[in-house]
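A look at the structure
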Amino acid sequence: TLDRVIYNLVNNAAAQAADGVVRLSVLPMDPGPEPLLRFVVLNRVVPAQGRALRERFGDDLGRLFEGGFSTGGHGLGLMIVQRIMREH
């Protein structure tokens, strides 16, 4: 499941990356014996994409995972991630 989620996140970021660069970071969230990990996928957007995101979502970019929004794709990529996460 995790590989499907990461694949979809990176694929979506690559499709929308203004500079063709996607950064993936894996960060521990706690120091426990089995720490939780946070996976961060980062891509830069062009100014028009940034404006469209702010207009639609404000500071709540988590709503991107609801699907139906795109600045150049079909609006399904992040919704697929949400569905996968709900199933597991």
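Coordinates for the structure precede this section.
Residues numbered from 1 in each chain as written. Predicted model: local features only at pLDDT ≥ 70, side-chain atom pairs only at ≥ 80, totals over all residues. Heavy atoms only, no water.

Let us look at the packing of helix H1 (residues 2-16) against helix H3 (residues 77-87). Where H1 meets H3, the axes come as close as 9 Å, and the angle between the chain directions of the two elements is 165 degrees. On the basis of the axis angle, H1 is roughly antiparallel to H3. Every pair of crossing elements has a handedness; the one defined by H1 and H3 is left-handed. Between H1 and H3, the contacting residues are Arg-4, Val-5, Asn-8, Leu-9 and Asn-12 on the first element and Gly-77, Leu-78, Ile-80, Val-81, Ile-84 and Met-85 on the second. Split into classes, the residues belonging to the contact of H1 with H3 amount to seven nonpolar, three polar and one charged. (Axes fitted to C-alpha atoms, helices over the stretch in contact; angles between N-to-C directions. Helix = DSSP H or I, 4+ residues; strand = E, 2+ residues; numbered from the N terminus. Parallel < 35°, antiparallel > 145°, perpendicular 65-115°, else oblique. Left-handed = near helix turned anticlockwise from the far one by under 90°. Contact = heavy atoms within 4.5 Å. Nonpolar A, V, L, I, M, F, W, Y, C, P; charged D, E, K, R; others polar.)

Now for the packing of aromatic side chains. Under the criterion given, the structure shown has one aromatic pair. Residues Phe-57 and Phe-69 carry aromatic rings whose centres are separated by 5.0 Å and whose planes lie at 80 degrees to one another, so their mutual orientation is edge-to-face. With Phe-57 in helix H2 (residues 47-57) and Phe-69 in the loop between H2 and H3, the pair connects residues that are 12 residues apart, well separated along the chain. Like Phe-57, the residue Phe-69 is buried in the burial classification. (Phe/Tyr/Trp six-rings, centres within 6.5 Å; stacked < 30°, edge-to-face > 60°. Buried < 20%, exposed > 50% of the residue type's maximum accessible area, 1.4 Å probe, protein only.)

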